[in-house]
Amino acid sequence: DRPSPFPLIHFPCVDLTRTDLRMPRNLKRKRVASTIGSSSSNMQNGSATTVATKNGLEVDFRKGELFDAAHPVDVVAFSVDERLHGPMRTQLAKLVGAAFFDETVAKATTAHKRTVMQGEMLPLDLSACTTFPVKYALMVVHPLACHLKMAYKGILQFAISKNLETVAIPGLGCGGAGVCPTVSSSKLHDVLNDWAGGFKGIPKRLNVVDLNMSTVDAFKDTFGMGCASSSSSSSSNSSKRGRGRAAAAAVGGAADASPDHIVRAVTAAPAEIEAIDCSVCMDSLRDGDEEVVQLTACGHQIHYQCFVDYLSNANRRCCWICGNYFWLPQGNMPHGTMTHSVLAGHSIEGHADGQGVICIEYSFRSGTQGPQHPRPGVPYSGTRRSAYLPNNEAGRKVLRLLEKAFECKLTFTVGDSVTSGARDTVVWNNVHHKTSMHGGPQAYGYPDPTYLERLTEELAALGITEALLG
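It should be emphasised that the depicted structure is a prediction, and the values quoted were computed from it without experimental measurement.

Another point: the overall build of the protein. The secondary structure content of the protein amounts to ten helices and 18 strands. Of all 470 residues assigned to the protein, the portion counted as buried reaches 52%. Within the protein, contacts between residues separated by at least 24 positions form 67% of all contacts whose residues are at least 6 apart in sequence. Looking at the protein as shown, the accessible area adds up to about 20700 Å², and 52% of this sits on carbon and sulfur atoms.

Here it is as structure tokens:
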């Protein structure tokens with residue numbers, strides 16, 4: 001959970017963040033019957049956990065830890081961010097040993113010969129580790145909805161190429177990428193449905209394992225196991241309704257506003273409905289009687305109810321097509337405090353114009369994890385952290401951006417510490433701070449000539465820009 005000493009890497013790929021957040025409504029029940037057949041003898045009331053595909057693969061669904069010694073597998077796959085970081089990577093590094101894991105990642109990135117792009121997969125060979133039963137781990141880089149079919153197919157193709165019988169995956173994209181679990185599960189279902197030639201025992205079993213029970217239920221529902229939720233079914237019955245909404249500014253409003261309130265504030269009735277499909281449900285915008293709305297910030301159109309559903313499942317308040325933010329972003333940081341003071345008589349190398357040093361103090365008490373955290377209902381431990389900025393014009397501007405990020409609950413989260421190994425504690429959430437005034441980047445300190453510029457870009461990628469400062 002230490003801030004990264006390395007520069008933030010930005011990839012040139014377009015952020016198509018929400019191009020397909022839900023399964024097309026007219027396929028929700030039709031696809032399940034195509035090639036997936038149940039082999040479980042306990043299918044009533046959604047209690048079954050296993051189905052068998054007609055092309056030779058067993059699929060099991062359960063809530064739990066991905067790295068569970070009680071359920072050994074040959075290969076695991078999980079999501080990481082663009083810098084190959086994330087809670088699953090942290091947990092795996094602890095299980096196999098940090099030194100061995102770092103060496104394995106270094107070998108894998110060298111063998112890849114180029115930057116691992118969004119949606120791509122980096123395989124790690126763990127077979128030399130004697131303390132961990134998994135042979136391979138596949139790190140999938142920040143997959144969005146548009147990447148998931150490629151990712152799921154790649155995982156299965158890798159298992160076949162290595163002659164691996166058992167595979168374990170979470171609901172890819174359902175965490176930090178904010179993909180609706182129904183969409184993620186439908187992408188997996190499509191891959192299995194379309195698989196040519198059968199699996200022939202390699203792989204033999206696919207375990208879908210996730211800590212979020214609603215994600216597990218969404219996958220079971222998609223595979224015809226009787227766990228349909230009322231929220232998914234209600235959206236299919238929405239009708240065209242006038243709402244009298246007024247156009248609003250592109251960005252603004254309370255971070256905890258309800259999805260319906262946000263839609264009312266940031267959309268207007270379009271002057272002309274585009275002759276395209278809704279990018280969420282994939283139904284035509286012109287056909288049927290559902291209300292269509294248009295974002296005032298960028299002009300993209302969507303069904304009203306699809307927009308509400310999108311906001312109910314997505315963490316980022318940005319356009320699902322162009323990535324422009326239309327509302328304050330919001331994270332899952334627990335309650336805490338952020339204060340700052342100026343340390344007179346101190347200086348930061350590389351910032352000769354600084355009049356002292358800004359010292360930021362973060363404080364969090366211990367508490368209980370909520371539904372937005374990895375282990376709801378489990379206690380977490382608090383923490384205190386300090387960070388430093390030069391007290392000059394650039395440093396003060398970054399301070400205001402950091403205050404806005406804290407207000408939007410983006411700075412910290414609850415998870416497992418990569419440095420101390422502590423589980424269920426408050427940790428940094430990829431908003432990188434300088435925790436030392438000295439020592440350079442390798443010590444999370446200064447001098448670091450481009451740090452303020454990188455941090456500004458990093459915050460902008462989260463939706464925290466100067467436009468929010470007023």
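That was the structure; now back to the text.
Of the residues in the protein, 80% reach a pLDDT of 70 or more, and the chain-wide mean stands at 79. Contacts for the low-pLDDT stretch residues 38-47, under 50 throughout, to residues beyond four places or in other chains number 20 contacts. The low-confidence segment residues 227-251, where pLDDT is below 50, has 52 contacts with residues more than four positions distant or belonging to other chains.

The strand order 12-13-16 describes an open sheet built from three strands, whose pairing is antiparallel. Looking along the sheet, the strands with just one partner apiece sit at the ends: strand 12 (337-343) and strand 16 (383-390). Each strand axis lies, on average, 20 degrees off the axis of its neighbour in the sheet, ignoring direction. As paired strands, strand 12 and strand 13 (residues 357-364) are joined by seven bridges and run antiparallel to one another. The residue bridging L343 from the neighbouring strand is V357, located in strand 13. On top of the sheet, helix 9 (residues 393-407) reaches strand 12, strand 13 and strand 16; it is set at about 10 degrees to strand 13, its chief contact.

Between Y446 and the following residue, P447, the backbone shows a cis peptide bond with an omega angle of 5 degrees. For P447, the location among the structural elements is in the loop between strand 18 (425-428) and helix 10 (451-461). The phi dihedral of N163 falls on the positive side, at around 60 degrees, and the residue is not glycine. Here N163 shows up in the loop between helix 3 (148-161) and strand 7 (166-169). A relative accessible area of 55% means that N163 is categorised as exposed.

One can describe the packing of helix 4 (residues 181-194) onto helix 5 (residues 213-222) by two numbers: an axis separation of 8 Å at closest approach and a directional angle of 45 degrees. For the element pair helix 4 / helix 5, the angle class is oblique. Considering only the axes of helix 4 and helix 5, their crossing is right-handed. In this structure, helix 4 uses P181, T182, S184, S185, S186, L188 and H189 to contact helix 5, whose residues at the interface are T215, A218, F219 and T222. Residue composition of the contact of helix 4 with helix 5, by class: four nonpolar, seven polar and no charged.

This paragraph deals with the pattern of salt bridges. Under the criterion given, the structure shown has 16 salt bridges. Linking E65 and R375 is a salt bridge whose minimum nitrogen-to-oxygen distance equals 3.3 Å. Pair noted here: E65 is in the loop between strand 3 (58-63) and strand 4 (75-80) and R375 is in the loop between strand 14 (367-368) and strand 15 (379-380), with a separation of 310 residues, a long-range link. One salt bridge connects K135 with D74, and the closest N-O pair in it is separated by 3.9 Å. Of the two residues, K135 is situated in the loop between strand 5 (121-125) and strand 6 (136-141) and D74 in the loop between strand 3 and strand 4; the sequence distance between them amounts to 61 residues. A residue is classified by how much of its surface remains accessible, and D74, at 15% relative accessible area, is buried.

Moving on: the environment of C319. The residue C319 is located in the loop between helix 8 (304-313) and strand 12 in this model. Here the alpha-carbon distance between C319 and A297, two residues 22 residues apart in the chain, equals 8.9 Å.

This model, assessed by the stated rule, comprises eleven aromatic pairs. On the basis of an interplanar angle of 85 degrees and a centroid distance of 5.9 Å, the ring pair of F67 and F78 is categorised as edge-to-face. Here F67, found in the loop between strand 3 and strand 4, pairs with F78, found in strand 4; they are eleven residues apart in sequence, far enough to count as distant. A residue is classified by how much of its surface remains accessible, and F78, at 0% relative accessible area, is buried. On the basis of an interplanar angle of 85 degrees and a centroid distance of 5.9 Å, the ring pair of Y446 and Y451 is categorised as edge-to-face.

Right, let's talk about the packing of helix 1 (residues 87-96) against helix 2 (residues 98-112) for a bit. The contact between helix 1 and helix 2 brings their axes to 6 Å, and the two run at 120 degrees. Considering their axes alone, helix 1 and helix 2 lie oblique with respect to each other. In this structure, helix 1 uses R89, L92, A93 and V96 to contact helix 2, whose residues at the interface are A98, F100, F101, D102 and V105. Of the residues contributing to the contact of helix 1 with helix 2, the split by class is seven nonpolar, no polar and two charged.

The next thing to look at is the nonpolar core. Counting residues in hydrophobic clusters, the biggest one holds 58 residues, and the most contacted among them are F307, F326, I360, Y362, L389 and L402. Sequence-distant contacts of I360, defined by excluding residues within four places in its chain, comprise M338, T339, H340, R385, S386, A387, L389, L399 and L402. Counting residues in each nonpolar core, the second largest holds 34 residues, with V59, F61, V167 and F223 among its members.

Right, let's get into helix 7 (residues 259-266). Turning to helix 7, its buried residues are I262, V263, A265 and V266. End-on, the buried residues of helix 7 take up no more than an arc of 165 degrees, which puts them together on one face.

How each quantity is defined
- Residues numbered from 1 in each chain as written.
- Predicted model: local features only at pLDDT ≥ 70, side-chain atom pairs only at ≥ 80, totals over all residues.
- Heavy atoms only, no water.
- Helix = DSSP H or I, 4+ residues; strand = E, 2+ residues; numbered from the N terminus.
- Buried < 20%, exposed > 50% of the residue type's maximum accessible area, 1.4 Å probe, protein only.
- Contact = heavy atoms within 4.5 Å.
- Areas by Shrake-Rupley, 256 points an atom, 1.4 Å probe, with all protein chains shown as cover.
- pLDDT = per-residue confidence, 0-100.
- Pairing = 2+ DSSP bridges.
- Axes fitted to C-alpha atoms, helices over the stretch in contact; angles between N-to-C directions.
- Parallel < 35°, antiparallel > 145°, perpendicular 65-115°, else oblique.
- Left-handed = near helix turned anticlockwise from the far one by under 90°.
- Nonpolar A, V, L, I, M, F, W, Y, C, P; charged D, E, K, R; others polar.
- Salt bridge = Lys/Arg side-chain N within 4 Å of Asp/Glu carboxyl O.
- Phe/Tyr/Trp six-rings, centres within 6.5 Å; stacked < 30°, edge-to-face > 60°.
- Core = buried A, V, L, I, M, F, W, Y, C linked by side-chain atoms within 4.5 Å.
- Arc of directions from axis to C-beta.

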